[in-house]
Amino acid sequence: MRRRNNAGYSLVEVLVASAILLLLMANVAMVTRAGKSAAQSGVFNMSLDDELNLTIERISFAVMAADSDDVDGAGSAPFTTETIEFSSTLGLSDGTVVRGPVEEIAWLPTTDEDGRIVWREQPTTPEERTVNWSNAVPHVGQNEIDGNGSDDNDNGVQDEKGLGFTKLGGFVSVYVTVERLNGDGKRVPKSTVNHVTCRN
Ligand SMILES: [Ca+2]
Ligand SMILES: [Ca+2]
């Protein structure tokens, strides 16, 4: 009678064990990759949200301090403009409204697809001060098709750019889209609108 050698493993047992080990390793790698991808996607989305929120807040606070009668350049819906000029209302002195220096918020192109939002004080003068408020603003608003005379994204304005202003009475509406390349090299936009009530 043949006796089985318990000290070793048959070739079949080794192959089965190897196959199970490979499957386990593949599963671990897949889960690790999925987790890493989800984490990167989460960080990317948070970063884009921060860019959008910070940009719209800066613009809104600046416009909020302006005298509505002194806001120049904003469009009348459904038409928008990419630049406004205004002066902040600083208060009253002997019954007269005291205004700060002229300020401008504008979108400027940087490449064929991208642009930036700048705030300028006393533009085109020797005292001009310029601050970049976002470097991630595309030429066209999210889901909007430029130049076709239609409101493609159904937000109440047509052919708006990455930055758009409209004005109605004491309200200025600010439309902002920011856009960045994700880890797959795909352009991802996010947009918002804020209806700002001017100080006066
Ligand atoms: Ca639109
Ligand atoms: Ca359009």
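A brief structural summary. (Residues numbered from 1 in each chain as written. Chains lettered and ligands numbered in written order. Predicted model: local features only at pLDDT ≥ 70, side-chain atom pairs only at ≥ 80, totals over all residues.)

1. Quick word on the nonpolar core
Membership of the largest hydrophobic core comes to 25 residues, with the highest contact counts inside it found for Val63, Ile117, Val137, Val172, Val174 and Val176. For this core, the secondary-structure elements that each account for two or more residues are α1 (11-64), β1 (83-93), β2 (96-109), β4 (129-138), β5 (163-168) and β6 (171-181). Every residue in contact with Val172, bar those within four places of it in the chain, is listed here: Val63, Val71, Ala74, Phe165, Lys167, Val196 and Cys198. (Core = buried A, V, L, I, M, F, W, Y, C linked by C-beta atoms within 7 Å. Buried ≥ 20, exposed ≤ 12 C-beta atoms within 10 Å, placed from the backbone. Helix = DSSP H or I, 4+ residues; strand = E, 2+ residues; numbered from the N terminus. Contact = placed C-beta atoms within 7 Å.)

2. Some details on unusual backbone geometry
The omega angle of the peptide bond from Ala77 to Pro78 is 15 degrees, so this bond is cis rather than trans. Along the chain, the position of Pro78 falls in the loop between α1 and β1. The residue Thr124 is not glycine, and still its phi comes out positive at about 60 degrees. For Thr124, a count of 8 C-beta atoms within 10 Å gives the class exposed.

3. Regarding the sheet that holds β4
Taken together, four strands build an open sheet; the order of strands is β1-β2-β3-β4 and the sheet is antiparallel. Among the strands making up the open sheet, the edge pair consists of β1 and β4. Shown here is a sheet whose adjacent strand axes are inclined to one another by a mean of 20 degrees, direction ignored. Note: β1 against β2, nine bridges, orientation antiparallel. The partner of Thr89 across the bridge, within β2, is Arg99. Each of β1, β2, β3 (114-121) and β4 is contacted by α1, which is oriented at about 135 degrees to β4, the strand it contacts most. (Pairing = 2+ DSSP bridges. Axes fitted to C-alpha atoms, helices over the stretch in contact; angles between N-to-C directions.)

4. Looking at the environment of Tyr175
Mapped onto the elements, Tyr175 comes out in strand β6. For Tyr175, a count of 24 C-beta atoms within 10 Å corresponds to the buried category. Tyr175 sits 14 residues away from Lys161 along the chain, and the two C-alpha atoms are 8.4 Å apart. In contact with Tyr175, not counting residues within four places along its chain, are Thr80, Gly141, Val157, Glu160, Gly164 and Val193.

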